[in-house]
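Listed below, chain by chain, are the residues.
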Amino acid sequence: VFSALEQTGETPFHHVLIHGLVRDSQGRKMSKSLGNGIDPLEVIDKYGADALRLTLMTGNAPGNDMRFYWERVESSRNFANKIWNASRFIMMNLEGKTVTAPEDLNALCNEDKWILSRLNTVIRDVTENMDKYELGIAVQKVYDFLWDELCDWYIEMVKPRLWNDGDTTKAAAIWTLKTVLINSLKLLHPYMPFITEEIYQCLPHEAESIMISKWPEADEALMDDEAERLMGAIMESIKAIRNMRAEVNVPPGKKVPAIMLAAADLKDGIEANADYIHLMGAISELTVLADNAAKPENAMAAVVAGIEVYLPLAGLR
């Protein structure tokens, strides 16, 4: 600071972020005498620079020390593989196609509205966290969105639309995938710059580098609470079905019947999106009733947001 003031008359920086120490797995300070130091070049050679960067940022709070675990670096490497494979799948569906935004975004399918709403919510929250230097919180939100919502749910939901050339909503699904992926890469870039740049260069893009591309801005018009509630209820229902199947060791390939008692504001939406429950819950027959209907007897039960899910025991045998 003094040198810059003397030489230029200006302060070299205005903000200082003080982080904690990186300790070994036992919580000890790394030192030559203990011989417990970690050479970052060895970590990079084994798992990559992006994996190391993500590990040091995830769960990190300003001023708090953190312990270094090789298992966490491996987990970060697995996340990079997940993003790489998801991007390859999306690029495979973009190949040879001119992707344009739908004329009416209100005509998008429920899962499209849901993932776009979640994306814009994450953009808003992550931007706020970064402005406050809450870097660990920000990267965790990006991580959860990419792994759980984009890869584990949305991509699986749209696969039937992508594989069916006669589906009139296929183009909308491809545009949504491209939009979500590019903006997600921009959010992840400060933490994992190398893999995000590599993927960005393989996608149709507006800037020479993701590093100088425009930071995403949240679009409140795309934030859809109704779509989030409906898709959230459907996903929780599928999780409940999977858990009940696992409890009684139903083989993954065996399809079983299911009955749902749904709140009035969810019933129509669940019936309209029953295909996802059939596909991802391995359901042979789905019956959706009002929440005041008689509860099925001799059935496994689970309660999720506004829905009661029942699997008749006869169908599980």
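Use the structure listed above.
What counts and how
- Residues numbered from 1 in each chain as written.
- Predicted model: local features only at pLDDT ≥ 70, side-chain atom pairs only at ≥ 80, totals over all residues.
- Heavy atoms only, no water.
- Pairing = 2+ DSSP bridges.
- Helix = DSSP H or I, 4+ residues; strand = E, 2+ residues; numbered from the N terminus.
- Axes fitted to C-alpha atoms, helices over the stretch in contact; angles between N-to-C directions.
- Contact = heavy atoms within 4.5 Å.
- Core = buried A, V, L, I, M, F, W, Y, C linked by side-chain atoms within 4.5 Å.
- Buried < 20%, exposed > 50% of the residue type's maximum accessible area, 1.4 Å probe, protein only.
- Parallel < 35°, antiparallel > 145°, perpendicular 65-115°, else oblique.
- Left-handed = near helix turned anticlockwise from the far one by under 90°.
- Nonpolar A, V, L, I, M, F, W, Y, C, P; charged D, E, K, R; others polar.
- Phe/Tyr/Trp six-rings, centres within 6.5 Å; stacked < 30°, edge-to-face > 60°.
- Lys NZ or Arg CZ within 6 Å of the ring centre and 35° of its normal.
- Patch = residues over 30% accessible without salt bridge, like charges linked within 9 Å, V, L, I, M, F, W, Y side chains within 5 Å.
- Areas by Shrake-Rupley, 256 points an atom, 1.4 Å probe, with all protein chains shown as cover.
- Salt bridge = Lys/Arg side-chain N within 4 Å of Asp/Glu carboxyl O.
- Lys, Arg positive; Asp, Glu negative; His and termini not counted.
- Polar contact = N/O pair within 3.5 Å; in protein donor to acceptor, adjacent residues only side chain to side chain.

Asker: In this structure, what is going on with the sheet that holds strand 4 (residues 283-290)? I would like to understand it.
Answerer: Strand pairing in a sheet relies on backbone hydrogen bonds, with the paired strands running either antiparallel or parallel. Strands sit in the order 4-3-6-5 across an open sheet of 4 strands; the sheet is mixed. The strands lining the two open edges of the sheet, one partner per strand, are strand 4 and strand 5 (299-304). Sheet twist, expressed as the average angle between the axes of neighbouring strands with direction ignored, equals 20°. With 6 bridges connecting them, strand 5 and strand 6 (residues 307-312) associate as antiparallel partners. Considered in strand 6, the bridge of V304 is made with I307. Across the sheet, helix 10 (residues 264-272) lies against strand 3 (256-262), strand 4 and strand 6, angled at about 155° from strand 4, the strand it touches most.

Asker: Explanation requested: the nonpolar core in the structure shown.
Answerer: Generally speaking, soluble globular proteins have nonpolar side chains that are buried together. Counting residues in hydrophobic clusters, the biggest one holds 81 residues, and the most contacted among them are I270, I277 and I307. The element best represented in this core is helix 6 (residues 135-163), accounting for 14 residues. In this view, I307 contacts A233, S237, M260, L261, A262, L266, I270 and A302; residues no more than four positions away in its chain are not counted. Core analysis: the next-biggest nonpolar cluster, separate from the first, contains 6 residues, V43, Y47, L52 and F68 among them.

Asker: When you look at the environment of V16 in this model, what are you seeing that I'm missing?
Answerer: Here V16 is to be found in the loop between helix 1 (2-7) and strand 1 (22-23). Along the primary structure V16 and Y133 are separated by 117 residues, whereas in three dimensions their C-alpha atoms are 9.9 Å apart.

Asker: Even after reading the chapter, I still don't get the pairing of strand 3, so can you show me in this structure?
Answerer: Every regular strand shows the same layout, with side chains that alternate between the two sheet faces. Within strand 3, 6 of the 7 residues are buried, leaving the element largely enclosed by the surrounding structure. In this structure, strand 3 lies alongside strand 4, joined through 6 bridges in parallel fashion. Within strand 4, the position partnered with I259 by the bridge is T287. In this sheet, strand 6 lies alongside strand 3 in antiparallel orientation, the contact comprising 4 bridges. When the sheet's bridge partners are listed, I259 is paired in strand 6 with Y310.

Asker: For this particular structure, what's the right way to read the packing of helix 5 (residues 110-131) against helix 7 (residues 170-188)?
Answerer: For any two helices packed against each other, the geometry is given by the interaxial angle and the distance between the axes. Look at helix 5 against helix 7: their axes get within 10 Å of each other, and the N-to-C directions meet at 15°. Taken as axis vectors, helix 5 and helix 7 run roughly parallel relative to one another. Considering how the two elements wind past one another, helix 5 and helix 7 form a crossing that is left-handed. Note on element contacts: helix 7 touches helix 5 through A172, A173, W175, T176, T179, V180, N183, S184 and L187, opposite D112, I115, L116, L119, V122, I123 and V126. Partitioning the contact of helix 5 with helix 7 into residue classes produces 11 nonpolar, 4 polar and 1 charged.

Asker: For this particular structure, what's the right way to read the packing of aromatic side chains?
Answerer: If you walk through the whole model with that rule in mind, you get 5 aromatic pairs. Judged by centre distance (6.0 Å) and plane angle (10°), the rings of Y143 and W147 are stacked. One end of the pair, Y143, and the other, W147, are both in helix 6, 4 residues apart, so they sit about a helical turn from each other. On the basis of relative accessible area, Y143 is assigned to the buried category, the value being 18%. Ring pairing ties together the aromatic residues Y47, F68 and W70, which thus form one cluster. Against the face of W147 rests K82, its NZ or CZ located 5.0 Å from the ring centre. Geometry around F89 places K159 over its ring, the cationic atom sitting 5.5 Å from the centre.

Asker: Got a minute to help me understand the packing of helix 9 (residues 225-247) against helix 11 (residues 274-281) in this structure?
Answerer: Between helix 9 and helix 11, the least distance of the axes is 10 Å, while the angle of their chain directions is 30°. Between helix 9 and helix 11, the crossing angle belongs to the class labelled roughly parallel. The element helix 9 and its partner helix 11 pack so that their crossing is right-handed. Facing helix 9, whose interface residues are M231, I234, I238, I241, R242 and R245, helix 11 presents Y276, I277, M280 and G281. Per-class residue counts for the contact of helix 9 with helix 11 are 7 nonpolar, 1 polar and 2 charged.

Asker: It is not clear to me how a nonpolar patch on the surface should be interpreted in this structure. Could you clarify?
Answerer: Taken together, the side chains of V1, F2, L5, F13, V16 and I18 present a nonpolar region at the surface, about 690 Å² in accessible area. Checked against the element boundaries, V1 lands in the segment before helix 1.

Asker: For this particular structure, what's the right way to read the side chain of R245?
Answerer: You can see R245 is positioned in helix 9. It turns out R245 is buried and unbridged, and the closest side chain with the opposite charge, E247, is 12 Å from it. A polar side-chain atom of R245 sits 3.4 Å from the main-chain carbonyl oxygen of P252. Here K254 takes part through its backbone oxygen, which lies 2.8 Å from a polar atom of the side chain of R245.

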